Amino acid sequence: MMEKIPKNNIFNTPDGYFESLPDRILERKSKDAKTVYLHAVKYVAAAAFVIGLIYFFTPSQSFEENFFQSTVMEDEIELYIASDYWQAEDILAFVENPNDLLDEILSEEWSSFEFYEEDNNDDLWY
Amino acid sequence: MMSLSELELLKMIQEPETREKGYRLLIDMYQRRIYGIARKMVLIHEDADDITQNTFIKAFKNLHSFNGNSSLFTWLYRIATNESLNFLQRKKRKFLLSIEDHEEVMKKYVDSSPLIDGDAIERRLQKALLALPEKQRLVFNLRFYEDLSYDEISQITETSVGGLKASYHHAVKKLENELKKE
């Protein structure tokens, strides 16, 4: 019986759908990359900035004192970032080698991306 | 095994100067087939559009981990079918909280959507397919509509050929029984 049923494609698409799809996908890819990039930059750059400040201004302090100050300053800087008082670009401006830092962030970010993060279900397949 | 054109495509994507062009060619080559299988599974154009976009975005992010043991097409299809099945699982979970039955809603959609054509028997088959478990429906779609071999389907679904043949055979039986009614 199945052999008598036509195998036509009965699913239509809006006019111009496939013509515009590549542009939409590539635009979205570009936006997604920027979003990941900027979020990662904010926090890693903040950490580098804090550590740099501590060692620049208080070289004679003990390690414990430095660590305590570093933690307090880090909290304060995270507040600045979370409230959008500082943007990623502001923080990068404080860092000596922003390009090196950004390269490091990108390589960490892409290497840790989970493929099929939802595909750990053992009974997914028949 | 990858075809020569797939190898050339991957080389284009590896080189920064030709990467964008490579991505575009990849989409051009496979977008209709990826969309096709997604649409057959989820039926609604907007949902199939999301799945198609997600498939290519995930593929671009993970091309570095593509080992070439299967063809690029098979690899893409695997992403698309996983995305489709995950989407359907999430959608059905949402429907658990609703008074509406998902299968009944989709049957009405087959009859009423302006983006679905087909004669009476083709629509009846689509509605009968909705009663099958998703994985079985996927196997049926890949075999009946996409005309893939069992070996290809096995690579996509990572299921044995024997299991696939049994699944398809049962699907056909159920569908024929349903279509014979009335």
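Residues numbered from 1 in each chain as written. Chains lettered and ligands numbered in written order. Predicted model: local features only at pLDDT ≥ 70, side-chain atom pairs only at ≥ 80, totals over all residues. Heavy atoms only, no water.

Novice: What exactly am I supposed to notice about the overall build of chain A here?
Specialist: Along chain A, the regular secondary structure elements total four helices and zero strands. Starting at the N terminus, the α and β elements of chain A follow one another as α-α-α-α. The buried share of chain A, taken over its 126 residues, is 27%. Excluding contacts between residues fewer than 6 apart, the proportion of contacts in chain A whose partners are at least 24 apart in sequence is 61%. Accessible surface, chain A: about 8,600 Å² in total, of which carbon and sulfur atoms supply 54%. (Helix = DSSP H or I, 4+ residues; strand = E, 2+ residues; numbered from the N terminus. Buried < 20%, exposed > 50% of the residue type's maximum accessible area, 1.4 Å probe, protein only. Contact = heavy atoms within 4.5 Å. Areas by Shrake-Rupley, 256 points an atom, 1.4 Å probe, with all protein chains shown as cover.)

Novice: How do you make sense of the side chain of Thr157(B) when you look at a structure like this?
Specialist: Residue and element names in this part refer to chain B. Relative to the assigned elements, Thr157 resides in helix H8 (residues 150-157). Owing to a relative accessible area of 0%, Thr157 belongs among the buried residues under this scheme. Side-chain polar atoms of Thr157 contact the backbone oxygen of Ile153, separated by 2.8 Å. Among the polar contacts listed, one links the side chain of Thr157 to the side chain of Thr159, at a separation of 3.1 Å. (Polar contact = N/O pair within 3.5 Å; in protein donor to acceptor, adjacent residues only side chain to side chain.)

Novice: What should I look at first to understand the confidence of the model for chain A in this one?
Specialist: Residues and elements named next belong to chain A. Taken over all residues, the pLDDT of chain A has a mean of 68, while the share at 70 or more is 32%. Helix H1 (residues 17-57) holds the highest mean pLDDT among the elements of chain A, 78, whereas helix H4 (residues 98-111) holds the lowest, 60. Ignoring residues within four places in sequence, the model shows residues 111-126, a span with pLDDT below 50, making 33 contacts including any to other chains. (pLDDT = per-residue confidence, 0-100.)

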